[in-house]
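One letter stands for each residue in the lines below.
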Amino acid sequence: MEKIRPYDRVQAARSNTRATGGYFLGRMIDNFVEMHGDRRFGDDGAIIGGVGLFNGRPVTAIAMERGATIEERMKRNFGCPTPEGYRKALRLMKQAEKFNRPVICFIGCPGAYCGIDAEERGQGEAIAENLYEMMTLKTPVISVVVGEGGSGGALAMGVGDTVIMLENSVYSVISPEGCASILWKDSTKAPEAAEVLKLTAKDLLKFGAIEKVIDESGKTTEEICDDLKDAIEKELDAKRKKPLKELLDMRYNKFRKIGEYRG
């Protein structure tokens, strides 16, 4: 069998035909009621969030969405969230904490929106605040990387008790093209950069950065979605049985040990 290169996974994650976070949210969450706005500035189409039922249980679901048509993608900043998106997501997470609802996040963006206006409105602060608050959020959090998970823009919704990746998704501190441009001053070396970045689901599972990989081989999108739904259900059941202090300690320790070196 021909080996699938890391850069092939990157291209698969970016494919225009690949299901996005909005698809998985729509297929898994029943009676979904979308909520808008961050209560500070405005709304962000790159992040969809609201309340619904997951297998009959109330949850808060949040998804990164890039859109299907060119018009929709422009409206949603091609899936790159602004500060308003991250603040909207955090508002919904804090609401979930108040009403004891689990949070399910679907991640799929090349990175946070990097426009000057986003920086002026506190892009870095919004991402940092999400990381800080999610670490101590008093309710179970399941995060799923369904496409391209890029840098802090993806991590801002990735501080979960369990992080799941689809087999052909990627999760990295920088894009292969960006890495190649920095290291070799040549973006065409992106395939080589993808090799050294260790951004595939298999690599991240080995490092302990994620907990589970959903196999995509020979499966339809619907079948992948069903497998993912089963995995989320099992994780939520396990997390509900844990005392809150134990849940928070495990979450904190999990992220503290990432990147730990033992000589």
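Anything mentioned here points back to the structure above.
Residues numbered from 1 in each chain as written. Predicted model: local features only at pLDDT ≥ 70, side-chain atom pairs only at ≥ 80, totals over all residues. Heavy atoms only, no water.

**Some remarks on the packing of helix H2 (residues 21-28) against helix H11 (residues 221-240)**
Thinking step 1. Relative to each other, H2 and H11 sit at 70°, their axes nearing to 11 Å. Here H2 is positioned roughly perpendicular relative to H11, judged by the angle of their axes. Where H2 crosses over H11, the handedness of that crossing is right-handed. For the pair H2 and H11, the contacting residues are Tyr23, Phe24, Arg27 and Met28 in the first and Thr221, Glu222, Cys225, Asp226, Leu228, Lys229 and Ile232 in the second. (Axes fitted to C-alpha atoms, helices over the stretch in contact; angles between N-to-C directions. Helix = DSSP H or I, 4+ residues; strand = E, 2+ residues; numbered from the N terminus. Parallel < 35°, antiparallel > 145°, perpendicular 65-115°, else oblique. Left-handed = near helix turned anticlockwise from the far one by under 90°. Contact = heavy atoms within 4.5 Å.)

**Some remarks on the pairing of strand S3 (residues 57-64)**
Moving residue by residue along a regular strand, the side chains alternate between the two faces of the sheet.
Thinking step 1. With respect to burial, S3 is a largely interior element, six of its eight residues being buried.
Thinking step 2. Two strands pair when backbone bridges link them, and strand S2 (residues 47-54) and S3 are joined in this way by eight bridges, in the antiparallel orientation. By the bridge assignment, Gly50 is partnered in S3 with Ala61.
Thinking step 3. In textbook terms, the turn of a hairpin is the stretch between consecutive antiparallel strands, and for S2 and S3 this stretch comprises two residues, one of which, Asn55, has a positive phi near 50°.
Thinking step 4. Bridge count for S3 against strand S4 (residues 103-109) is four bridges, and the pairing is parallel. Bridge pairing in S4 links Ala61 to Ile104. (Buried < 20%, exposed > 50% of the residue type's maximum accessible area, 1.4 Å probe, protein only. Pairing = 2+ DSSP bridges.)

**Examining the environment of Ile104**
Thinking step 1. Mapping Ile104 onto the fold places it in strand S4.
Thinking step 2. Each C-alpha atom of the pair Ile104 and Glu129 lies 18 Å from the other, and the pair is 25 residues apart in sequence.
Thinking step 3. Contacts of Ile104, omitting those with residues within four sequence positions, involve Phe54, Val59, Thr60, Ala61, Ile62, Ile142, Ile232 and Leu236.

**Some details on the pattern of salt bridges**
Thinking step 1. Throughout the structure, instances matching the rule amount to 24 salt bridges.
Thinking step 2. For the salt bridge of Lys242 with Glu246, the shortest nitrogen-to-oxygen distance reads 3.7 Å.
Thinking step 3. Residue Glu246 is classed as partly exposed on the basis of its relative accessible area, which comes to 36%.
Thinking step 4. One salt-bridge network, held together by shared partners, links Arg57, Glu233, Asp237 and Arg240. (Salt bridge = Lys/Arg side-chain N within 4 Å of Asp/Glu carboxyl O.)

**Looking at the side chain of Lys239**
Thinking step 1. Its location among the elements puts Lys239 in helix H11.
Thinking step 2. Among the polar contacts made by the side chain of Lys239, one reaches the side chain of Glu235 at a distance of 2.9 Å.
Thinking step 3. Ignoring any residue separated from it by four or fewer positions in sequence, one finds Lys239 in contact with Pro140, Ile142, Asp161, Thr162 and Leu247. (Polar contact = N/O pair within 3.5 Å; in protein donor to acceptor, adjacent residues only side chain to side chain.)

**Digging into the pairing of S4**
Thinking step 1. Among the seven residues of S4, six are classified as buried, and the element is accordingly described as predominantly covered.
Thinking step 2. Looking at chain direction, S4 and strand S5 (residues 141-150) are connected through six bridges and run parallel. From the neighbouring strand, Cys109 faces S5, where its bridge partner is Gly149.

**Points about empty space enclosed by the protein**
Sizing a probe to match a water molecule and rolling it over the atoms shows the empty space that remains.
Thinking step 1. Evaluated as defined, the whole model comprises one cavity of 30 Å³ or more.
Thinking step 2. A volume near 50 Å³ is recorded for the largest cavity.
Thinking step 3. Lining the largest cavity are Val10, Pro110, Glu148, Gly149, Gly150, Val170, Ser172, Ile174, Ser175, Pro176 and Leu199.
Thinking step 4. Elements with a contribution of two residues or more to the lining of the largest cavity: S5 and strand S7 (170-172). (1 Å grid on protein atoms, 1.4 Å probe; cavity = no way out; pocket = protein on both sides within 12 Å on 5 of 7 lines; lining within 4 Å. Points joined across faces, edges and corners; volume = space filled by probe spheres on them.)

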